[in-house]
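Chain by chain, the residues run as shown.
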Amino acid sequence: MKIQDIQQLLDAQVVCGEESLGKHVYSACGSDMMSDVLAYVKDQAVLLTGLVNSQVIRTAEMMDMVCIVFVRSKSPNEEMIELAKDSGIVLMKTEKRLYEACGTLYVNGLIGNGKKI
Amino acid sequence: MSEILNFHYEVDGTDFTSAGQSSVSVKKELRRLGLPAEIIRQVSIAMYEGEINMVIHAHGGVADINLYEDKIEIILEDHGPGIKDIDLAMQEGYSTAKENIRSLGFGAGMGLPNMKKYTDEMYIDSVVGVGTKVRMIVNIPG
Ligand SMILES: Nc1ncnc2c1ncn2[C@@H]1O[C@H](COP(=O)(O)OP(=O)(O)O)[C@@H](O)[C@H]1O
Ligand SMILES: [Mg+2]
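Note that the structure is predicted; figures quoted are calculated from it, not measured.

Caption draft 1: Representation of the interface of chain A and chain B within the structure. The interface of chain A with chain B comprises 23 residues on the first partner and 28 residues on the second. For the pair chain A and chain B, the summed buried surface comes to about 2100 Å²; carbon and sulfur atoms form 50% of the total. A salt bridge links Asp64(A) to Arg41(B), with the shortest nitrogen-to-oxygen separation between them at 3.1 Å. One can count 20 residue pairs in polar contact (both at pLDDT 80 or more) joining chain A with chain B. At the level of secondary structure, the elements contributing two or more residues to the side of chain A that touches chain B comprise α2 (34–40), α3 (54–62) and α4 (78–87) of chain A.

Caption draft 2: Structural context of the packing of α3(A) against α4(A). Residue and element names in this part refer to chain A. Between α3 and α4, the shortest axis-to-axis distance is 9 Å and the interhelical angle comes to 10°. As summarised for this structure, α3 and α4 are arranged roughly parallel, according to the angle between their axes. For the pair α3 and α4, the contacting residues are Ser54, Ile57, Arg58 and Glu61 in the first and Glu79, Met80, Leu83, Ala84 and Ser87 in the second. Looking at the contact of α3 with α4 residue by residue, the class counts come to four nonpolar, two polar and three charged.

Caption draft 3: Local environment of the sheet that holds strand β5 (residues 131–139) of chain B. Residues and elements named next belong to chain B. The strand order β1-β2-β3-β5-β4 describes an open sheet built from five strands, whose pairing is antiparallel. One side of each edge strand has no neighbouring strand; the edge strands of this open sheet are β1 (5–12) and β4 (121–127). Each strand of the sheet is rotated relative to its neighbour by a mean of 10°, with strand direction disregarded. In the sheet, β1 pairs with strand β2 (residues 60–67) via eight bridges, with the strands oriented antiparallel. The residue of β2 that forms the bridge with Leu5 is Leu67. Packing of helix α1 (residues 21–32) onto the sheet brings it into contact with β1, β2 and β3 (71–78), and relative to β1 it is tilted by some 160°.

Caption draft 4: Representation of the site of ligand 1 in the model. Residues and elements named next belong to chain B. The environment of ligand 1 is formed by 19 residues, the closest being His57, Ser95, Thr96, Gly109 and Leu112. Here an oxygen atom of ligand 1 sits 2.8 Å away from a polar atom, N or O, in the side chain of His57. In this structure, an oxygen atom belonging to ligand 1 sits 2.5 Å away from a side-chain N or O atom of Ser95. Surface burial for ligand 1 is 94%, taken as the share of its 530 Å² of free accessible area covered by protein chains. Going through the elements one at a time, α2 (37–58) and α5 (111–118) are the ones with two or more residues in the shell around ligand 1. When residues in the shell around ligand 1 are grouped by element, the largest group, four residues, is from α2. Residue composition of the shell around ligand 1, grouped by class: nine nonpolar, nine polar and one charged.

Caption draft 5: Region of the structure containing the side chain of Asn53(A). With respect to the secondary-structure elements, Asn53(A) resides in the loop between β3 (46–49) and α3. One polar contact links the side chain of Asn53(A) to the main-chain amide nitrogen of Gln55(A), over a distance of 3.0 Å. Within the structure, the side chain of Asn53(A) is placed 3.1 Å from the backbone oxygen of Leu104(B), a separation counted as a polar contact. With residues up to four places along the chain from it excluded, the contact list for Asn53(A) reads Met80(A), Phe16(B) and Leu104(B).

Caption draft 6: Spotlight on the sheet that holds strand β1 (residues 13–16) of chain A. All names here are of chain A. Sheet architecture is open: five strands sit in the order β1-β5-β4-β3-β2, paired in mixed fashion. The open sheet has two edge strands, β1 and β2 (28–30), and neither has a second partner. If you compare each strand with its neighbour and ignore which way they point, the axes differ by 20° on average. Across four bridges, the pairing between β3 and strand β4 (residues 67–70) is parallel. Pairing of Thr49 across the sheet is with Phe70, part of β4. α4 rests against β1, β4 and β5 (90–93) of the sheet, and its axis sits at about 80° to β1. Relative to β3, helix α5 (residues 98–107) is tilted by about 150°, and along the sheet it contacts β2 and β3.

Caption draft 7: Representation of the confidence of the model for chain B in the model. Here chain B averages 96 in pLDDT, and 99% of its residues register 70 or above. In the predicted complex, the global pTM is 0.96; the interface-specific ipTM is 0.95.

Caption draft 8: Region of interest: the pairing of β2(B). Residues and elements named next belong to chain B. Most of β2 sits out of view: seven of its eight residues are buried. One ladder, built from seven bridges, connects β2 with β3; its direction is antiparallel. When the bridges of β3 are listed, Asp64 appears paired with Ile75. Joining the antiparallel neighbours β2 and β3 is a turn of three residues.

Conventions adopted
Residues numbered from 1 in each chain as written. Chains lettered and ligands numbered in written order. Predicted model: local features only at pLDDT ≥ 70, side-chain atom pairs only at ≥ 80, totals over all residues. Heavy atoms only, no water. Contact = heavy atoms within 4.5 Å. Buried area = accessible area lost by both parts, 1.4 Å probe. Salt bridge = Lys/Arg side-chain N within 4 Å of Asp/Glu carboxyl O. Polar contact = N/O pair within 3.5 Å; in protein donor to acceptor, adjacent residues only side chain to side chain. Helix = DSSP H or I, 4+ residues; strand = E, 2+ residues; numbered from the N terminus. Axes fitted to C-alpha atoms, helices over the stretch in contact; angles between N-to-C directions. Parallel < 35°, antiparallel > 145°, perpendicular 65-115°, else oblique. Nonpolar A, V, L, I, M, F, W, Y, C, P; charged D, E, K, R; others polar. Pairing = 2+ DSSP bridges. Near = heavy atom within 4 Å. Areas by Shrake-Rupley, 256 points an atom, 1.4 Å probe, with all protein chains shown as cover. pLDDT = per-residue confidence, 0-100. Buried < 20%, exposed > 50% of the residue type's maximum accessible area, 1.4 Å probe, protein only.

Given below as structure tokens:
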């Protein structure tokens, strides 16, 4: 799936990183606990979260993730956008809740571990 | 084996928003130097967890990254409260973090175990009331 497909499926608004919408991603994870993302995630390229602070961007950067989706219409602030641009990470936001957003991507083929359903 | 490069950072303990800045900077430096992606990821995750710990548990501290030909050494030193029982602190899920830290996305008690998992060697020196020094080594395969 391309990052632009995520945008369409989630009816999301891109905050920054438009130039990377054509990148392919093969797996994703959803969490509000960055501790858990750092401990359990492996090679997931997309993070869906309801948490909004600079640590979300830094955590994604540490994990080599390429796209962050903020759920429930949460908006990243200027500092977060700058950090994301610096790291080449796409930020987008959707009105959907975490469960629904993850489920939508999952049934459309973007599953947790990059394998086929 | 002599050290090739050193990166030194002061980690501000008063501002959670800036926590992790040094780790992001190290990651960019290591990328620029062309080290293998997996090594960079190991170093940056371990350092990030340690940096967050210094901010949320120890009012900040200093970080030194020493790059050698065959390994990367990460030294994090603070003058915080210290760790009373290191074996207990190393257990997955053990955390003294309060709800305010959890609401920021941290405090699951996975930091120290994660640091151990991502490094080849890890040593903790800690004295209650004096501070904590964590030294980690990631080997660079030859
Ligand atoms: N630099 C430090 N100074 C004092 N205590 C620390 C430090 N690092 C870790 N600790 C203690 O060890 C516990 C476990 O650390 P960690 O595994 O990173 O989990 P967490 O940070 O989520 O609490 C912490 O809750 C804290 O009590
Ligand atoms: Mg921790």
